[in-house]
Amino acid sequence: MPCPVCTGAPGRRCPAVRAARPHLRSRRLPGGGWPGGAPSPHPPRPPGAPEPRVKGGGGARAPTNRLWAMEKARAQWGNPLQFVFACISYAVGLGNVWRFPYLCQMYGGGSFLVPYLIMLIVEGMPLLYLELAVGQRMRQGSIGAWRTISPYLGGVGVASVVVSFFLAIYYNIINAWGFWYFFNSFQDPLPWSVCPLNGNRTGYDEECEKASSTQYFWYRKTLNISPSIQESGTVQWEPALCLVLAWTMVYLCILRGPETTGKVAYITALVPYGVLIIYLVRGLTLHGATNGLLYMFTPKVEQLANPRAWINAATQIFFSLGLGFGSLIAFASYNEPSNNCQKHTIVVSLINSATSIFASVVTFSIYGFKATFNYEDCLNKVILLLTNSFDLEDGFLTASNLEQVKGYLASTYPSKYSEVFPLLENCSLESELDTAVQGTGLAFIVYTEAIKNMEVSQLWSVLYFFMLLLLGMGSMLGNTAAILTPLTDSQVISSHLPKEAISGLLCLVNCAIGLLFTMEAGSYWFDIFNDYAATLSLLLIVLVEAIAVCYVYGLRRFGAELEAMTGRALNWYWKVMWAFVSPLLIVSLFLFYLADYILSGTLQYQAWDATQGRLVTKDYPAYAVVVIGLLVASSTMCIPLVALGTYVMRRLKKGSSVPVA
């Protein structure tokens with residue numbers, strides 16, 4: 001019978017047999033099972049096939065026919081490269097483009113790389129390897145994998161599916177917004193480059209004048225945002241149609257599981273790098289780009305003593321790699337058992353971090369251009385105002401002598417200067433560079449403001465939003481895989497519905513619920529899901545995962561099975577990180593966020609005030625706070641509830657099996 005590891009006949013040349021031989025000789029279980037109840041790397045014979053014998057194995061039989069059927073039915077990647085690209089496409093997402101540069105800006109520029117790289121070594125790579133190893137070893141989705149480790153741990157997989165479901169609901173609205181901006185990028189001029197005229201066509205729209213043209217297009221034309229979360233409004237048909245398009249694209253990409261996802265991953269993983277390289281070349285040639293790069297790479301060493309810099313570095317690594325969602329377990333479950341997942345762990349984590357740094361270079365070159373443009377525009381307004389107010393000769397006032405002339409005018413014409421002074425803007429390049437924005441504000445306001453001032457702005461806008469769409473779609477493939485794999489693994493569901501129908505129903509349900517985010521108050525609900533649906537839940541999930549592998553299943557046993565499966569021993573670094581360092585770090589992060597939520601008092605959000613043309617802070621209403629609590633509890637409570645339910649069912653089954661005297 002062919003071996004699934006080496007695709008040859010079971011014998012001395014098979015690495016899985018050589019690594020597993022001590023177990024085969026001394027501890028084989030009845031029926032040919034692997035020690036501890038895990039399946040052997042060799043499949044059982046099909047019905048009617050002669051029973052194979054393993055040389056030197058004491059005539060041990062192959063495992064049961066049920067396992068053979070499961071192994072043969074399991075879909076697999078076309079080649080290991082598809083798996084690597086799928087992981088890269090999933091891990092390298094929007095956070096690399098709009099979250100990491102923000103953290104660099106907030107926590108000391110180049111000095112932020114120190115805690116970031118340390119956290120990569122002690123947290124990111126070990127936990128990534130843990131999830132990939134579990135998926136490849138158990139060859140099931142998150143629910144089945146953790147249930148195999150212990151029947152009481154099925155809730156860990158359920159919690160991962162719930163969190164991934166929440167993420168899929170709101171994450172695809174970003175792709176919908178990306179489609180909306182992508183389609184509008186073909187207009188000349190760009191619709192966010194100028195303010196529209198007011199109703200009488202006698203001037204510009206008042207809200208746009210108080211804000212900016214890019215803010216107006218985002219808050220009014222795209223979101224048509226309401227003044228508060230209490231005013232839900234109606235569904236906006238443009239974002240709604242874009243959301244339907246986004247879910248249609250996702251469905252086409254996941255239609256046949258790894259068969260289609262693996263091919264799409266080549267595009268979603270590679271093309272964004274091409275766009276980033278083009279943007280890097282363009283960014284470095286922009287006026288003022290060096291100001292942004294100097295700002296990024298100039299380290300502020302004092303930030304290394306800031307605990308929040310370390311906390312945010314650990315959090316960025318954790319969420320950037322997509323730990324705890326079950327996506328990585330699902331991807332790895334389609335691997336060949338002999339796949340070198342340790343090597344792939346290092347490759348994926350290093351590429352992910354290198355992409356964050358590379359994207360920051362691109363972002364800060366654009367930042368520098370935008371900041372320099374705004375700074376020089378501010379200076380020109382001041383120069384024009386002073387020239388007209390004091391009848392100065394054109395060209396006399398320049399940026400180099402502005403401060404000197406202002407001092408002269410203030411001392412020579414004090415009364416007139418005092419009248420003009422309130423109208424003078426305070427121009428500062430440093431303050432422009434210090435303006436830190438993340439998330440949708442960076443993607444749809446800051447970047448669009450920079451793009452509108454570039455030559456051939458339509459081209460750069462099309463490229464930018466095409467890149468965002470590919471990054472968003474790549475992450476969505478992982479999110480949906482985390483939900484679909486456990487569903488298709490379930491015999492109850494897969495026996496009644498084909499895979500295409502399951503995928504279609506999932507996309508349909510998510511799209512229907514996602515229409516909530518296309519309402520006038522939709523962006524406020526988006527912020528709730530984005531801030532509260534995953535943070536605490538994922539930390540708890542990954543903590544339980546590490547404890548389960550090391551202390552429930554047994555680190556020594558898991559390491560022996562990995563060695564038997566891949567032919568590579570688990571070294572001390574992985575063992576120390578899994579058993580001690582990473583769990584302690586996760587506990588610290590969990591306590592920090594829990595304390596932060598408690599000490600923050602009343603939960604608040606940023607609402608758009610059209611009369612002022614800016615964001616204002618408001619308190620969440622009571623029902624929104626209840627929804628936040630349900631979002632956190634619905635996933636975290638799965639772990640203890642499933643464990644309790646399993647215990648009760650086992651006790652009842654045990655009690656019913658006791659013979660009556």
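All figures in this text were calculated on a predicted structure; none of them were measured in a lab.

1. Points about the overall build of the protein chain
1) Next: Assigned secondary structure in the protein chain consists of 28 helices and 2 strands.
2) Next: The contacts of the protein chain with a sequence gap of at least 6 include a subset with a gap of at least 24, amounting to 79%.
3) Next: Of the accessible surface of the protein chain, which amounts to about 28600 Å², a share of 63% is contributed by carbon and sulfur atoms.

2. Remarks on the pairing of strand E2 (residues 614-619)
1) Next: Of the pairings in the sheet, the one linking strand E1 (residues 604-609) to E2 comprises 6 bridges and is antiparallel in character. Residue pairing for E2: Tyr605 is matched across the bridge by Lys618.
2) Next: Here E1 folds back onto E2 in antiparallel fashion, the turn holding 4 residues, of which Gly613 has a positive phi close to 70°.

3. Concerning the pattern of salt bridges
1) Next: Per the stated rule, a full pass over the model turns up 7 salt bridges.
2) Next: For the salt bridge of Glu561 with Arg137, the shortest nitrogen-to-oxygen distance reads 3.0 Å. Here Glu561, found in helix H25 (residues 535-566), pairs with Arg137, found in helix H6 (residues 113-138); they are 424 residues apart in sequence, far enough to count as distant.
3) Next: With a closest N to O distance of 3.2 Å, Glu206 and Lys210 form a salt bridge. Linking Glu206 with Lys210, this pair stays in helix H9 (residues 206-210), spanning 4 residues, or about one helical turn.
4) Next: By relative accessible area, Glu206 is classed as exposed at 53%.
5) Next: Overall, Lys210 belongs to the partly exposed group, its relative accessible area being 42%.
6) Next: Salt bridges linked by common partners bring Arg137, Arg557 and Glu561 together as one network.

4. As for H6
1) Next: Helix length check: H6, at 26 residues, gives a terminal C-alpha distance of 35 Å against a target of 38 Å (1.5 Å per residue), a fit within 8%.
2) Next: Remark: the principal bend of H6, roughly 45°, maps to Leu120.
3) Next: Just downstream of H6, Arg139 is the residue with a positive phi angle, here 55°.

5. Topic: the packing of helix H10 (residues 213-222) against helix H20 (residues 439-452)
1) Next: It is the contact of H10 with H20, at a shortest axis distance of 9 Å, that shows an interaxial angle of 140°. Overall, the two elements H10 and H20 adopt an arrangement that is oblique. At the point where H10 passes H20, the crossing takes the right-handed sense. Listed contacts from H20 to Ser213, Thr214, Gln215, Trp218 and Tyr219 of H10 are Thr440, Phe444, Ile445, Thr448, Glu449 and Lys452.

6. Examining the nonpolar core
1) Next: Counting 183 residues, the largest nonpolar core has Trp146, Tyr279, Tyr464, Ile528 and Trp578 as its most contacted members.
2) Next: No other element matches helix H8 (residues 154-184), which puts 19 residues into this core.
3) Next: With near-sequence residues (within four places) excluded, Tyr464 lies in contact with Tyr279, Leu442, Ala443, Tyr447 and Ile451.

7. Side note on helix H12 (residues 258-284)
1) Next: Over its 27 residues, H12 extends 39 Å from the first C-alpha to the last, a length consistent with the 39 Å expected when each residue adds 1.5 Å.
2) Next: The largest bend in H12 is about 30°, located at Val264.

8. Here's the deal with the packing of aromatic side chains
1) Next: Enumeration according to the criterion identifies 53 aromatic pairs in this entry.
2) Next: Summarising the aromatic geometry, the rings of Phe592 and Tyr593 are spaced 5.3 Å apart at their centres and angled 80° between planes, so their arrangement reads as edge-to-face.
3) Next: Across the ring face of Phe390, the terminal group of Lys416 is positioned such that the distance to the ring centre comes to 5.3 Å.
4) Next: Across the ring face of Tyr553, the terminal group of Arg557 is positioned such that the distance to the ring centre comes to 3.8 Å.

9. Observations regarding the packing of H6 against helix H26 (residues 572-599)
1) Next: Taken N-terminus to C-terminus, the directions of H6 and H26 make an angle of 110°; their axes are 9 Å apart at the nearest point. Of the possible angle classes, the one that applies to H6 and H26 is roughly perpendicular. Of the residues in H26, those in contact with Met119, Ile121, Val122, Glu123, Met125, Pro126, Leu127, Tyr129 and Leu130 of H6 are Tyr573, Trp574, Met577, Trp578, Val581, Ser582, Leu585, Ile586 and Leu589.
2) Next: Each residue belonging to the contact of H6 with H26 can be placed in one class, and the counts come to 16 nonpolar, 1 polar and 1 charged.

10. Here's the deal with the state of the cysteines
1) Next: Tallying each qualifying case throughout the model produces 2 disulfides.
2) Next: One disulfide bridge connects Cys378 with Cys427, the sulfur atoms lying 1.9 Å from each other. Taking the sign of the S-S torsion, about -80° here, the bridge from Cys378 to Cys427 comes out left-handed. Of this pair, Cys378 sits in helix H16 (residues 341-389) while Cys427 sits in the loop between helix H18 (414-420) and helix H19 (429-434), and the two are 49 residues apart along the sequence. Each member of the pair, Cys378 as well as Cys427, carries the same accessibility label: buried.
3) Next: Cysteine pairing in the protein chain follows 1-2, 3-4, where each cysteine in a disulfide is numbered by its order in the sequence.
4) Next: Distance from the sulfur of Cys253, which forms no disulfide, to the nearest cysteine sulfur (Cys507) is 9.7 Å.

11. Considerations on unusual backbone geometry
1) Next: The residue after Asp188, namely Pro189, is reached through a cis peptide bond having omega 0°.
2) Next: In this structure, Pro189 sits in the loop between H8 and H9.
3) Next: The backbone of Arg201 shows a phi angle near 60°, a positive value even though the residue is not glycine.
4) Next: When you line up the elements, Arg201 lands in the loop between H8 and H9.
5) Next: Of note, Asn224 is a non-glycine position whose phi angle comes to about 45°, a positive value.
6) Next: Assessed through its relative accessible area of 23%, Asn224 is described here as partly exposed.

12. Examining the side chain of Ser365
1) Next: Mapping Ser365 onto the fold places it in helix H16.
2) Next: According to the relative accessible area criterion, Ser365 is buried, its value standing at 0%.

13. With respect to the confidence of the model for the protein chain
1) Next: Within the protein chain, residue pLDDT values average 85, and 88% of them lie at 70 or more.
2) Next: Helix H11 (residues 237-254) holds the highest mean pLDDT among the elements of the protein chain, 96, whereas helix H1 (residues 15-26) holds the lowest, 42.
3) Next: Low pLDDT (under 50) marks residues 4-72, which in the prediction has 110 contacts with non-local residues, meaning those over four places away or in another chain.

14. Structural notes on a nonpolar patch on the surface
1) Next: Judged by side-chain polarity, Ile547, Tyr551, Val552, Trp572, Val576, Phe580 and Val581 come together as a nonpolar surface patch covering roughly 700 Å² of accessible area.
2) Next: Breaking the nonpolar patch down by element, the ones donating at least two residues are H25 and H26.
3) Next: Here Val552 is to be found in helix H25.
4) Next: By relative accessible area, Val552 is classed as partly exposed at 47%.

15. Some thoughts on the environment of Leu379
1) Next: By the element assignment, Leu379 lies in helix H16.
2) Next: Residues Leu379 and Cys427, 48 residues apart in the sequence, show an inter-C-alpha distance of 6.4 Å.
3) Next: With sequence-adjacent residues up to four places away left out, Leu379 is seen in contact with Ala399, Leu402 and Cys427.

The rules behind these values
- Residues numbered from 1 in each chain as written.
- Predicted model: local features only at pLDDT ≥ 70, side-chain atom pairs only at ≥ 80, totals over all residues.
- Heavy atoms only, no water.
- Helix = DSSP H or I, 4+ residues; strand = E, 2+ residues; numbered from the N terminus.
- Contact = heavy atoms within 4.5 Å.
- Areas by Shrake-Rupley, 256 points an atom, 1.4 Å probe, with all protein chains shown as cover.
- Pairing = 2+ DSSP bridges.
- Salt bridge = Lys/Arg side-chain N within 4 Å of Asp/Glu carboxyl O.
- Buried < 20%, exposed > 50% of the residue type's maximum accessible area, 1.4 Å probe, protein only.
- Expected span 1.5 Å × (residues − 1).
- Bend = angle between axes of the 7 residues up to and from the residue.
- Axes fitted to C-alpha atoms, helices over the stretch in contact; angles between N-to-C directions.
- Parallel < 35°, antiparallel > 145°, perpendicular 65-115°, else oblique.
- Left-handed = near helix turned anticlockwise from the far one by under 90°.
- Core = buried A, V, L, I, M, F, W, Y, C linked by side-chain atoms within 4.5 Å.
- Phe/Tyr/Trp six-rings, centres within 6.5 Å; stacked < 30°, edge-to-face > 60°.
- Lys NZ or Arg CZ within 6 Å of the ring centre and 35° of its normal.
- Nonpolar A, V, L, I, M, F, W, Y, C, P; charged D, E, K, R; others polar.
- Disulfide = S-S within 2.5 Å.
- pLDDT = per-residue confidence, 0-100.
- Patch = residues over 30% accessible without salt bridge, like charges linked within 9 Å, V, L, I, M, F, W, Y side chains within 5 Å.

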